[in-house]
Amino acid sequence: MTRREVESVEDRIREHLRRDDLDSAVELLRALSPGDALDLLDRSEPRMAPMLFRLLDKTTAVQVFAAMETGQQSDLVRQLQDGQVQDLFAELRVSGQARLLDEMPATVARKMLAGLDAEARGEVGRLLGYPADSVGRRLRMAPVRLREDWTVAVALENLRDHGGREQAAIVSVPVVSPQARLTGVVDVSVLVTQPLDARVSEIMREPVSAVATEDAEEVARLCADRRLWTVPVTDSEGRLIGVFTVADALEVLDEESTEDAARAGGVEPLGRPYLATSVLALMRSRITWLLVLAIGATLTVQVLGVFEDTLEEMVVLSLFIPLIIGTGGNTGNQAATTVTRALALDDVRPRDAPRVMFRELRVGMALGGCIGLLGLVLAGLVFSWPVGLVIGATLFTVCAFAATVGGLMPLAARTIGADPAVFSNPFISTLVDALGLVVYFFIAQAVLGI
């Protein structure tokens, strides 16, 4: 169904609900595929989403719930009956269960765990023992694992018997020793072409693996860079505990990209679709950084207060303050965004700080030269050449300084273990605004003698 058709169905469902024609609304809703139903819920107001979800048939509801973002699942769980919640929770993958429990209050989490059997509780508990951002929280139980001492015939039989519903998605299979330690990986395409009496140890290859405590984003980058369908995940002693798939990697990278984009703009990530987020939650996601920036902006006010006499002597200087602040902030943000992205792709590392500083200094000087020359000519023609010289020199200096600071801030954040996106645009704009004005007024005093 096309997006326009889904929107038409959405309008009709809302109209039926307004008329209390529940049967017609249910008929339309249950005709939607799980993907279209999820799209409908994503676009629904927070108060309406639980109502629509309850109207779905059980099979579709399970698929829709599993595909939801964790924050959206958490919102829904708080408004559903215990029995329905337990059924939905039991259908999630173990990693999905662990992530949802993190979002829930302790009393609700304990109740949801209590509804699982002992084996399932043990698997969830093991994943919850790993750090929140680790690949251990994201792994899937390996549907098939081969022993290195098996023959190809035994391996193929095991693959048929235990591949289950994920059989079509199995591209490579981990190989373990009798002690369950990861020793290799066998591609299914290779396995099916070998003699039936060949040993798995003879055809397996060296595995590219990860330890469960490693950062999920780093493993996702590894998966993407090496073009791997699966990455076996082991415990600290090398025993296989699960696999991390390319689908998991895409999900992690999408979440990290969304989080970085949000924090670069001075907001917290929502964790749920925009239209499904309450107004209060939207406000909370923005208020913290607005307060931080408002406090930081007092630096700019203080600078203007210090140079108040200079402004009174030559009022024309005040006309260019927005230009100086805007140019410096934009230049710093451009550099920070570029370096933050390079950090995420592992193109640069904190130890590359001197090289990044030198490169961004040269880029900033080149940009400042172009913009400063334009400012000199325009301000000189409109006002006077001394004023033009002040504007040109300031733009050159501010661009060079802003690009250098913008390039180094994400590296400094990574060094101290902070999120580079948090250290980028909001803080850089505040810092460059204040120091840019200091540079502006000092140059004005030196050139104009005021």
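Refer to the structure presented above.
Each value, and the rule that gives it
- Residues numbered from 1 in each chain as written.
- Predicted model: local features only at pLDDT ≥ 70, side-chain atom pairs only at ≥ 80, totals over all residues.
- Heavy atoms only, no water.
- Helix = DSSP H or I, 4+ residues; strand = E, 2+ residues; numbered from the N terminus.
- Axes fitted to C-alpha atoms, helices over the stretch in contact; angles between N-to-C directions.
- Left-handed = near helix turned anticlockwise from the far one by under 90°.
- Contact = heavy atoms within 4.5 Å.
- Nonpolar A, V, L, I, M, F, W, Y, C, P; charged D, E, K, R; others polar.
- Core = buried A, V, L, I, M, F, W, Y, C linked by side-chain atoms within 4.5 Å.
- Buried < 20%, exposed > 50% of the residue type's maximum accessible area, 1.4 Å probe, protein only.
- Polar contact = N/O pair within 3.5 Å; in protein donor to acceptor, adjacent residues only side chain to side chain.
- Pairing = 2+ DSSP bridges.
- Parallel < 35°, antiparallel > 145°, perpendicular 65-115°, else oblique.
- Phe/Tyr/Trp six-rings, centres within 6.5 Å; stacked < 30°, edge-to-face > 60°.

**Q** Can you help me understand unusual backbone geometry in this one?
**A** For A180, which is not glycine, the phi dihedral falls at a positive 70°. On the secondary structure map, A180 appears in the loop between β2 (172-176) and β3 (182-187). One non-glycine residue with positive phi stands out, namely R227, at about 55°. Along the polypeptide, R227 turns up in the loop between α14 (216-225) and β5 (230-234).

**Q** Sorry, what's going on with the packing of helix α6 (residues 70-77) against helix α8 (residues 94-103) here?
**A** Helix-helix packing: each pair is described by the crossing angle between the helix axes and the interaxial distance. Relative to each other, α6 and α8 sit at 65°, their axes nearing to 9 Å. As for how α6 packs across α8, the hand of that crossing is right-handed. Each of T70, G71, Q73, S74 and V77 in α6 lies in contact with α8, whose residues at this interface are R99, L100 and E103. Its residues assigned to classes, the contact of α6 with α8 comprises two nonpolar, four polar and two charged.

**Q** Explanation requested: the nonpolar core in the structure shown.
**A** When a protein is soluble and globular, its nonpolar side chains tend to lie buried together. I13, F53, F65 and F244 are the most contacted members of the largest nonpolar core, which totals 58 residues. Setting aside chain neighbours within four positions, we find I13 in contact with A25, L28, L29, L40 and L52. Counting residues in each nonpolar core, the second largest holds 22 residues, with V316, V387, F441 and A444 among its members.

**Q** Looking at this model, I keep getting lost on the side chain of R140. Mind explaining?
**A** Tracing the sequence through the fold places R140 in the loop between α10 (118-128) and β1 (146-147). Within the structure, the side chain of R140 is placed 3.4 Å from the side chain of T245, a separation counted as a polar contact.

**Q** Mind showing me how you'd approach the sheet that holds β2 here?
**A** The strands making up a sheet are joined through hydrogen bonds of the backbone, oriented either antiparallel or parallel. On the basis of which strands lie adjacent, the open sheet formed by three strands has the order β1-β2-β3 and mixed pairing. The open sheet has two edge strands with one neighbour each: β1 and β3. Examined bridge by bridge, β2 and β3 share five bridges and lie antiparallel to one another. Bridge pairing in β3 links P174 to V185.

**Q** Help me understand the environment of L113, please; the structure alone is not making it clear to me.
**A** With respect to the helices, strands and loops of the structure, L113 is situated in helix α9 (residues 106-114). On the accessibility criterion, L113 (22% relative accessible area) is partly exposed. A C-alpha to C-alpha distance of 9.2 Å links L113 and A90, two positions 23 residues apart in sequence. The contacts of L113, once residues within four sequence positions are left out, are F89, L101, R121 and V124.

**Q** Help me understand the packing of helix α18 (residues 321-344) against helix α20 (residues 385-415), please; the structure alone is not making it clear to me.
**A** Interaxial distance between α18 and α20 falls to 7 Å at its minimum, and their mutual angle equals 30°. By the criterion of interaxial angle, the relationship of α18 to α20 is roughly parallel. Between α18 and α20 the crossing geometry is right-handed. Only I391, T394, L395, V398, C399, A402, A403, G406, G407, P410, L411 and R414 of α20 make contact with α18, whose side of the interface consists of L323, I324, T327, G328, T331, G332, A335, A336, V339, T340 and L343. Of the residues belonging to the contact of α18 with α20, the class tally is 14 nonpolar, eight polar and one charged.

**Q** Any chance you could explain α14 here in plain terms?
**A** Given 3.6 residues per turn, any residue in an α-helix points the same way as the ones three and four places further on. Taken as a whole, α14 has its buried residues at A216, E217, V219, A220, R221 and C223. Between the side-chain oxygen of the N-cap and the backbone nitrogen of E217 there are 3.0 Å, and the N-cap of α14 in question is D215. One or two residues past the end of α14 sits R227, with phi positive at roughly 55°.

**Q** Can you help me understand the packing of aromatic side chains in this one?
**A** Aromatic ring pairs are reported here in terms of the distance separating the ring centres and the angle at which the planes meet. One pass over the structure, following the stated rule, counts three aromatic pairs. Their ring planes at 35° and their centres at 5.3 Å tell us that Y440 and F441 sit as a pair that is tilted. Y440 sits in the buried class, given a relative accessible area of 0%. Classification of F441 as buried rests on a relative accessible area of 0%.

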